[in-house]
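# Reading the structure
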Amino acid sequence: MSVGWMDGYSTLITGGGTGIGRAVAERFLAEGASVTVFGRRQEQLDEVVNAAAQPERVHTVVGDVRDSDRLHTAVTETVERFGKLDTLVANAGVWDYQRPLTRLAAKELDATFNELFSINVKGYLLSAEAAWQELVKTRGSIVMTLSNASFYVNGGGPLYTASKHACLGLMKELAYELAPKVRVNGVACGGMNTDLRGPESLDLAERSISASFAKKGPATPPPLIPLHDSSTDPRDFTASYVLLAARDQSGPITGQAISVDGGIGVRGFARAAGGDDL
Ligand SMILES: NC(=O)c1ccc[n+]([C@@H]2O[C@H](COP(=O)([O-])OP(=O)(O)OC[C@H]3O[C@@H](n4cnc5c(N)ncnc54)[C@H](O)[C@@H]3O)[C@@H](O)[C@H]2O)c1
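Residues numbered from 1 in each chain as written. Predicted model: local features only at pLDDT ≥ 70, side-chain atom pairs only at ≥ 80, totals over all residues. Heavy atoms only, no water.

- Labelled according to an unreviewed UniProt entry, the protein appears under the name SDR family NAD(P)-dependent oxidoreductase, originating from Streptomyces sp. R08.
- UniProt annotates the protein under Sequence similarities (unreviewed entry) with the comment "Belongs to the short-chain dehydrogenases/reductases (SDR) family." (UniProt positions renumbered as here; feature names shortened; annotations may be inferred.)

### Some thoughts on the overall build of the protein
- Along the backbone of the protein there are eight helices and seven strands.
- Projected onto its principal axes, the C-alpha coordinates of the protein cover approximately 50 × 50 × 40 Å.
- Intrachain contacts of the protein at a sequence separation of at least 6 include 73% that bridge at least 24 residues.
- For the protein, the accessible area works out to roughly 13,300 Å², and carbon and sulfur atoms hold 54% of it.
- Where the 27 positive side-chain charges of the protein centre and where its 32 negative ones centre are 3 Å apart. (Helix = DSSP H or I, 4+ residues; strand = E, 2+ residues; numbered from the N terminus. Contact = heavy atoms within 4.5 Å. Areas by Shrake-Rupley, 256 points an atom, 1.4 Å probe, with all protein chains shown as cover. Lys, Arg positive; Asp, Glu negative; His and termini not counted. Charge placed at Lys NZ, Arg CZ, Asp CG, Glu CD.)

### Let's talk about the site of the ligand
- Around the ligand, the structure places 27 residues, and the nearest of them are Thr-18, Asn-91, Tyr-160, Met-192 and Thr-194.
- Measuring from an oxygen atom of the ligand, one finds a backbone N or O atom of Gly-19 at 3.4 Å.
- Separating a nitrogen atom of the ligand from a backbone N or O atom of Val-65 is a distance of 2.9 Å.
- About the coverage of the ligand: the protein hides 95% of its 820 Å² of free accessible area. (Near = heavy atom within 4 Å. Polar contact = N/O pair within 3.5 Å; in protein donor to acceptor, adjacent residues only side chain to side chain.)

### Topic: the packing of helix H3 (residues 68–82) against helix H4 (residues 106–138)
- Contact pair H3 / H4: the axes reach a minimum separation of 9 Å and the direction vectors enclose 35°. Viewed along their axes, H3 and H4 form a crossing whose handedness is right-handed. On H4, the residues touching Ser-68, Leu-71, His-72, Val-75 and Val-79 of H3 are Gly-123, Leu-126, Ser-127, Glu-129, Ala-130, Ala-131 and Glu-134.
- For the contact of H3 with H4, the residue count by class is six nonpolar, four polar and two charged. (Axes fitted to C-alpha atoms, helices over the stretch in contact; angles between N-to-C directions. Left-handed = near helix turned anticlockwise from the far one by under 90°. Nonpolar A, V, L, I, M, F, W, Y, C, P; charged D, E, K, R; others polar.)

### Describing the side chain of Glu-134
- Note that Glu-134 resides in helix H4.
- Setting aside its immediate chain neighbours within four residues, Glu-134 contacts Val-75, Val-79 and Leu-85.

### Let's talk about the pairing of strand E1 (residues 10–14)
- With five of five residues buried, E1 lies mostly within the body of the structure.
- Side chains of E1 alternate between two faces, with Ser-10, Leu-12 and Thr-14 and Thr-11 and Ile-13 buried alike.
- The pairing of E1 with strand E2 (residues 34–39) spans five bridges and is classified as parallel. The residue bridging Leu-12 from the neighbouring strand is Thr-36, located in E2.
- Judged from the three bridges that link them, E1 and strand E4 (residues 87–90) form a sheet pairing that is parallel. Within E4, the position partnered with Thr-11 by the bridge is Thr-87. (Buried < 20%, exposed > 50% of the residue type's maximum accessible area, 1.4 Å probe, protein only. Pairing = 2+ DSSP bridges.)

### Some points on helix H1 (residues 19–30)
- With twelve residues, H1 extends 17 Å from end C-alpha to end C-alpha; this agrees with the ideal 16 Å at 1.5 Å per step.
- Among all positions in H1, only Ile-20, Gly-21, Arg-22, Ala-23, Val-24, Ala-25, Phe-28 and Leu-29 are buried.
- In the core, the buried residues of H1 are packed alongside E1, E2, helix H2 (42–51), strand E3 (58–62), E4 and helix H7 (239–245).
- Of the residues trailing H1, Gly-32 is marked for its positive phi of about 100°. (Expected span 1.5 Å × (residues − 1).)

Here's what the structure looks like:
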């Protein structure tokens, strides 16, 4: 039997029932880990168990990342069931559908700031608070889902972009504070075809980013990034999570973000890719 990069690891993934969280859960399982998936809807979490070749390696905990008690329960149950905690993936989040400042009334701005920041930023912080003591015991690590919006404009509106920049800062600060025992890194994902939703306060909780991918059609390449044929399937974004979680592979890496975004940082001015004619 081949040995994966995360053989025997015990992991906890927030927002693990759908999208990149679920793809990471399935990849971690394939790499030999056990996984606790934490999310708001039991039926989504159950799908991860039902799809697993070895369902006994999956545990589910329903909860909201704004609720510290549920996150502590998730850590406790993970340790009870799998004996320890090696990896926390802080991932649950919502998008603002690029709503610009000029289309946000003061009241909406107030409510949506509180909702979006409490999920995207406070949720990561509360998850880290619940997990760090167990991670110290295993010399484990935290991997945060970051975004192109952690570095560049227009991946969201001001609220989402500010929240993902805040997560980048949080990742770096925790990398300092938890060193040398716990490493903290991030994966800055570009556009993925997932079930990413909007804030309830903007009436966007039922809207899914997958609808915009369906409109474009699977054959339409994203023209604005250098790697035009870059995948938007979340499964193709998971290898960096494995690399950063696996202490034998990335032991000296902390405080870093790997951008998995088709090369946004090397985009040209006249055209995105310099080698279109090659
Ligand atoms: N889809 C993209 O294009 C994209 C790009 C870059 C970064 N991201 C980031 O990826 C992460 C995962 O999003 P996704 O694209 O997989 O979308 P998704 O909606 O499929 O996954 C997010 C998960 O988080 C859960 N969640 C949301 N709010 C929660 C809360 N308060 N408590 C507990 N769970 C909650 C959702 O139920 C869902 O299961 C987010 O942090 C998002 O900002 C997404």
